[in-house]
Amino acid sequence: MTFKKISGWLHLWLGLIAGLIVMTIALTGAIYTFQPELTKATQPYLSVKAENRPFLPASAFKAIAEKQLPGKKPIRIMLRGKDESVNVMFFERKKNPYYYNVYINPYSGKVLAVKDMYKDFFYVTLLGHLYLWLPQPIGHIVNIYGTLTFLVIIISGIVLWWPRNKARRKTSFKVKWDASPKRLNYDLHNVLGFYASWIILFAVLTGLVWGFEWAAKAEYSLLSGGKSKPVLPKMKVLPVAQPVKDPLDKITAIVQAQNPNAKRVMLMLPATDSAAVGVRIYNDEQLNYTTDLAYFNPYTLEEIKVPHWGKYSEATIADKAVRMNYDIHVGAIAGWPGRILMFLASLITASLPVTGFYIWWGKKKKDKKKNKGAPKKTGSVQVAYATPNVTAKA
C-alpha cells in the first residue's frame, strides 16, 4: 500500500507538471507518423513521369540547385526512384539558419520547386515534437526531461492500475461505454492508458536513448556485453596532385553498380576540402535500419573502411540495435501494423493529461464538498452540517 501511495503521488504531481509537454510530444508524434505518405500525396513535385533514359549526373543537380539559392551551400543530394524527383538539400543551423529543398526532374534538370522547409507543415510539426517550438537548446532540455518524467508516469500508472483482486480484474481491461460521464472518463484514462503504455513505452525508451548520452551508452553496453559505444572517426582526406574529375558522378556510379537494388541513394557532400564524401544506401522503402553507409576519398575514389556504421550485414547486435532506434520509435519496425498501433497509442497518450486532469479536478471538488459538510468545532460547541436537521451539543 505504501508503494501504491508513493506511485499515486508521483503519478499525480508529475502528470500535472509534465502534462502539457507529454500532450504536445504525443500529438505531434501521431501527426508525423504517416508523414512520408501524406507528403507524397499532397506535394506533386515529389513525383515525375518515369522515362527510359538515365538520370543526369549528380554534379549537374548540384550546379542547378546552387543557381536557385546563390550564396548557400548544398549538403545532401537524394537520388530516388525512376518516378520521383531528385532532392538537393541546403541547411545551416548557426549564424543565419535556413533549410531549403530544391526538387529537380532527374531527366531534364527542370526545377520543380524550391521549398523553404521552415514553412513546411510536417517540418514545423517535427520541430514541435523535438523542441516544443522553443529555441533548440532550451527545447531539447525540456523535451528529454519531460520524456524521462513521462517514463516515471507510465510505470507509476501501471502500478496504480494493477488489479488488487479478481473482482477488480474483471473491470480493469475494458471501457464501460454506457457509464456516467465521470466513470467513462475514468475508464478512458485507466483502461486505454494501460493498453497504450505497452506500445508508447518503446517510443519513450528510444527517445531517451537519443536524448541522453548515458542512455545511449547504457543501451550499447548492455547489448554488446559491456563494450563502450564507438564514436565515428573523423575521416580526413588529403588533396593529391592529380585529383579525379567529377568525383560525385563517379562515386554515384560506383555505389549504384554495387547496389543495383537500392531504393534511394543519398550523397552527403563534404563540408571542407579535407572531408570525405559520405553515401547512404537505402535498401528498403519503409525501414531505415537496413541502410548501408559508405565513405569515399573524393580525390582518388578510394573507399574508406570504417569499423562501425558501414554495411548493415556486417554490424554487430549492438550496432543493429542502435540503427533500429528510429524504426522502433515510429513503429515501422513492425510494418504498417506497427505504425498504426504507434499512431493510436500516441493519440491515446495525448488524451491522458486531459482525462487525468478531470479525474483530479473531480476528486478535488468532491473533497471540498466533503470538507464543507464535515462537523465544525467552535469552542466547545460542535455543529454538524451533514444533515438537514442541525444539531448542537454543548
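Computed from a predicted model, the values in this text were never measured in an experiment.

Thresholds applied
- Residues numbered from 1 in each chain as written.
- Predicted model: local features only at pLDDT ≥ 70, side-chain atom pairs only at ≥ 80, totals over all residues.
- Heavy atoms only, no water.
- Helix = DSSP H or I, 4+ residues; strand = E, 2+ residues; numbered from the N terminus.
- Rg over C-alpha atoms; globule rule 2.2 N^0.38 Å.
- Contact = heavy atoms within 4.5 Å.
- Areas by Shrake-Rupley, 256 points an atom, 1.4 Å probe, with all protein chains shown as cover.
- Lys, Arg positive; Asp, Glu negative; His and termini not counted.
- Charge placed at Lys NZ, Arg CZ, Asp CG, Glu CD.
- Pairing = 2+ DSSP bridges.
- Axes fitted to C-alpha atoms, helices over the stretch in contact; angles between N-to-C directions.
- Parallel < 35°, antiparallel > 145°, perpendicular 65-115°, else oblique.
- Nonpolar A, V, L, I, M, F, W, Y, C, P; charged D, E, K, R; others polar.
- Domains from an automatic or database assignment.
- Buried area = accessible area lost by both parts, 1.4 Å probe.
- Salt bridge = Lys/Arg side-chain N within 4 Å of Asp/Glu carboxyl O.
- Polar contact = N/O pair within 3.5 Å; in protein donor to acceptor, adjacent residues only side chain to side chain.
- Patch = residues over 30% accessible without salt bridge, like charges linked within 9 Å, V, L, I, M, F, W, Y side chains within 5 Å.
- Buried < 20%, exposed > 50% of the residue type's maximum accessible area, 1.4 Å probe, protein only.
- 1 Å grid on protein atoms, 1.4 Å probe; cavity = no way out; pocket = protein on both sides within 12 Å on 5 of 7 lines; lining within 4 Å.
- Points joined across faces, edges and corners; volume = space filled by probe spheres on them.

## Concerning the overall build of the protein chain
Next, step 1: Secondary structure summary: the protein chain contains 11 helices and 11 strands in total.
Next, step 2: In terms of C-alpha radius of gyration, the protein chain reaches 28 Å, well past the compact-globule figure of 21 Å for 394 residues.
Next, step 3: Across its three principal directions, the C-alpha atoms of the protein chain cover 110 × 45 × 40 Å.
Next, step 4: Long-range pairs, those at least 24 residues apart, make up 55% of the contacts in the protein chain between residues at least 6 apart in sequence.
Next, step 5: Summed over all atoms, the accessible surface of the protein chain reaches about 23,500 Å², with 63% contributed by carbon and sulfur.
Next, step 6: A gap of 17 Å separates the mean positions of the 53 positive and 24 negative side-chain charges of the protein chain.

## Quick look at the sheet that holds strand 1 (residues 74-79)
Next, step 1: The 8 strands are arranged 4-3-2-1-5-6-7-8 in an open sheet whose pairing can be described as antiparallel. Since the sheet does not close on itself, it has two edges, and those belong to strand 4 (111-116) and strand 8 (303-304), each with one partner.
Next, step 2: Pairing of strand 1 with strand 2 (residues 86-92) involves 4 bridges; the strand directions are antiparallel. Of the residues in strand 2, the one forming a bridge with Pro-74 is Phe-90.

## Some details on the packing of helix 7 (residues 181-211) against helix 8 (residues 213-224)
Next, step 1: Close contact between helix 7 and helix 8 brings their axes to 5 Å; oriented N to C, the two are set at 110°. Compared by their axis directions, helix 7 and helix 8 come out roughly perpendicular. Contacts between helix 7 and helix 8 involve Leu-208, Val-209 and Gly-211 from the former and Glu-213, Ala-215, Ala-216 and Glu-219 from the latter.
Next, step 2: When its residues are assigned to classes, the contact of helix 7 with helix 8 shows 4 nonpolar, 1 polar and 2 charged.

## Comments concerning the domain arrangement of the protein chain
Think of interface size as the accessible area that goes away when the parts come together; that is how it is often given.
Next, step 1: Structurally, the protein chain comprises domain 1 (1-47 + 130-230 + 340-364) and domain 2 (247-330).
Next, step 2: Taken over C-alpha atoms, the centre of domain 1 sits 33 Å from the centre of domain 2.
Next, step 3: Counting from both sides, the interface comprises 15 residues of domain 1 and, opposite them, 13 residues of domain 2.
Next, step 4: Buried area between domain 1 and domain 2, summed over both chains or domains, comes out near 1,200 Å², and the portion from carbon and sulfur atoms is 65%.
Next, step 5: Applying the counting rule to domain 1 against domain 2 returns 0 salt bridges.
Next, step 6: At the junction of domain 1 and domain 2, the tally comes to 3 residue pairs in polar contact (both at pLDDT 80 or more).
Next, step 7: Listing elements by their share of the side of domain 1 that touches domain 2, those giving two or more residues are helix 7 and helix 8.
Next, step 8: For the side of domain 1 that touches domain 2, the leading source of residues is helix 7, giving 6 residues.

## Observations regarding a nonpolar patch on the surface
Next, step 1: A grouping of Trp-9, Trp-13, Leu-16, Ile-17, Val-354, Phe-357, Tyr-358 and Trp-361 is seen on the molecular surface, where their side chains present a nonpolar patch of about 860 Å² in accessible area.
Next, step 2: Secondary structure elements with two or more residues in the nonpolar patch: helix 1 (2-32) and helix 11 (335-372).
Next, step 3: By the secondary structure assignment, Leu-16 is in helix 1.
Next, step 4: Judged by relative accessible area, Leu-16 falls into the partly exposed class, the value being 32%.

## What about the layout of surface pockets?
Next, step 1: Here the second largest pocket defines a volume of roughly 1,100 Å³.
Next, step 2: If you trace the second largest pocket, you find 40 residues lining it, with His-11, Leu-12, Leu-160, His-189 and Ile-359 closest to the centre.
Next, step 3: Looking at the lining of the second largest pocket, the elements with two or more residues in it are helix 1, helix 5 (136-161), helix 7 and helix 11.
Next, step 4: Here the lining of the second largest pocket gets 13 residues from one element, more than from any other, and that element is helix 1.
Next, step 5: The residue inventory of the lining of the second largest pocket, partitioned by class, reads 22 nonpolar, 11 polar and 7 charged.

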